[in-house]
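Below are the chains, spelled out letter by letter.
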Protein chains: 2
Amino acid sequence: MNTVVGAALARQMQTESMLSMQDFEVLVHLTDVENARLRVSELARAMRWEKSRLSHHLSRMEKRGLIGREECSSDGRGAFIVLTPEGRAAIEAAAPSHVDAVRRYFFDVLTSDDVKALRSISERVTARVEATDTCPSE
Amino acid sequence: MNTVVGAALARQMQTESMLSMQDFEVLVHLTDVENARLRVSELARAMRWEKSRLSHHLSRMEKRGLIGREECSSDGRGAFIVLTPEGRAAIEAAAPSHVDAVRRYFFDVLTSDDVKALRSISERVTARVEATDTCPSE
DNA sequence: CGAACTTGGATGACGTGTCAACTATTCCGT
DNA sequence: ACGGAATAGTTGACACGTCATCCAAGTTCG
């Protein structure tokens, strides 16, 4: 189920908005904060992505003009990631039909009991893995 | 949940058996048939993978000695994929602890009602996607 | 102060996934 | 039989993910 739904959503987003799911996630997190500006490591933490992965992805997104980098005055090592106007336009164009697709592919065939059951299952399993597995959040 | 469980299982398999999940899947499908020998396209169909993806992956696995390629006498285009002794050894070493990890991370925290609910949800969602989405199986 | 350590982040190598294009064979209709 | 379509499989380019490594700016502590 996960494979199939994920692939369908990714295809939909790619063909309609020229964004990958990952691009979308980054943009969502950026639009979620004041000034659409975040430190790389905050973003990494919020997305639960490795710093390296994020850094690579941000490079690709910067090359496409979706985001920009700015120096951080208070910490000479740091960098801010900022949403460009193109980035904002892209996510605003993509979001409605994505939400729609999620509803169509997923929630439309679920009852509210299904959703409750899924939430409960998901919480238990996730908690189990994070309790058992080595370094879940690094 | 899917992300977290998938990552945990992948990490477990990689560190204990030097196999990726994808390697493992290929090996499972090979051991499932007579003579551990399959045409590439049958394997692709069985795994629901693109031919291209499979071809790339088989090249990498061949380089590592897990599988081999053989010419097909009845169809000059075709190729058989065969399991090498190394490949068989690898999956036999990996399988038990993988099964164990799946149980630990997943089924241990689920009731049989949970499993029933998940199966039902999964079937409905998958059917919906495959009915709606363009080209699900290509 | 200065050496050791930590932290923020980038980079390079390599494995993986997708798409489009390609080659070589087989099939099929006339 | 032959010329076009379908089929089997590979390849190349490029996006994505992970790991190990690196570097530079900050922090700690003698």
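For the structure given in this document, a descriptive report is provided here. (Residues numbered from 1 in each chain as written. Chains lettered and ligands numbered in written order. Predicted model: local features only at pLDDT ≥ 70, side-chain atom pairs only at ≥ 80, totals over all residues. Heavy atoms only, no water.)

Here the focus is the sheet that holds strand 2 (residues 67–71) of chain A. Residues and elements named next belong to chain A. Pairing in this open sheet of three strands is antiparallel, and the strands run 1-3-2 from one edge to the other. Looking at the sheet topology across the chains shown, the edges are occupied by strand 1 (37–39) and strand 2. The average angle at which neighbouring strand axes cross in this sheet is 30°, direction not considered. Across five bridges, strand 2 lies against strand 3 (residues 79–83) in antiparallel orientation. The residue of strand 3 that forms the bridge with I67 is L83. (Pairing = 2+ DSSP bridges. Helix = DSSP H or I, 4+ residues; strand = E, 2+ residues; numbered from the N terminus. Axes fitted to C-alpha atoms, helices over the stretch in contact; angles between N-to-C directions.)

Overlaying chain B on chain A yields an RMSD of 0.1 Å, the required transformation being a rotation through 180° with an accompanying axial translation of 0.0 Å. Considering both components of the superposition, the chain copies are consistent with a two-fold axis. A shared interface surface links the copies, since 100% of the contact residues of chain B are contact residues in chain A too. (Least-squares fit on C-alpha atoms with pLDDT ≥ 70 in both. Contact = heavy atoms within 4.5 Å.)

Our next topic: the pairing of strand 3 (residues 79–83) of chain B. Residues and elements named next belong to chain B. Most of strand 3 sits out of view: four of its five residues are buried. In the sheet, strand 1 (residues 37–39) pairs with strand 3 via three bridges, with the strands oriented antiparallel. Within the sheet, the bridge partner assigned to L38 lies in strand 3 and is I81. (Buried < 20%, exposed > 50% of the residue type's maximum accessible area, 1.4 Å probe, protein only.)

Turning next to the packing of aromatic side chains. By the definition in use, this model includes two aromatic pairs over all chains. Judged by centre distance (5.0 Å) and plane angle (85°), the ring pair of B:F106 and B:F107 falls under edge-to-face. A relative accessible area of 17% places B:F106 in the buried class. The ring centre of A:W49 lies 3.8 Å from the NZ or CZ of A:R53, which sits over that ring. (Phe/Tyr/Trp six-rings, centres within 6.5 Å; stacked < 30°, edge-to-face > 60°. Lys NZ or Arg CZ within 6 Å of the ring centre and 35° of its normal.)

The environment of DNA strand D is formed by 22 residues, the closest being A:S52, A:R53, B:S41, B:H56 and B:R77. Taken together, the sugar and phosphate atoms account for 63% of what DNA strand D places within 4 Å of the protein. Here a phosphate oxygen of DNA strand D and a side-chain polar atom of B:S55 are 2.9 Å apart. One of the side-chain N or O atoms of B:H56 is found 2.7 Å from a base oxygen in DNA strand D. The set of elements that each furnish at least two residues to the surface near DNA strand D consists of helix 4 (51–63) of chain A together with helix 3 (40–47) and helix 4 (51–63) of chain B. Looking at the surface near DNA strand D residue by residue, the class counts come to two nonpolar, eleven polar and nine charged. (Near = heavy atom within 4 Å. Polar contact = N/O pair within 3.5 Å; in protein donor to acceptor, adjacent residues only side chain to side chain. Nonpolar A, V, L, I, M, F, W, Y, C, P; charged D, E, K, R; others polar.)

Glancing now at the interface of chain B and chain A. With 27 residues of chain B at the interface, the matching set in chain A holds 27 residues. Buried area between chain B and chain A, both sides added, is near 2,500 Å², and the carbon and sulfur share of it is 64%. At the boundary of chain B with chain A, the tally comes to two salt bridges. Among the ionic pairs, A:R124 bridges to B:D114, the shortest N-O distance being 2.7 Å. The tally of links from chain B across to chain A stands at six residue pairs in polar contact (both at pLDDT 80 or more). Counting residues per element, the ones that place at least two in the side of chain B that touches chain A are helix 1 (2–17), helix 5 (85–105) and helix 6 (112–132) of chain B. Ranked by residues supplied to the side of chain B that touches chain A, first place goes to helix 6 of chain B with eleven residues. (Buried area = accessible area lost by both parts, 1.4 Å probe. Salt bridge = Lys/Arg side-chain N within 4 Å of Asp/Glu carboxyl O.)

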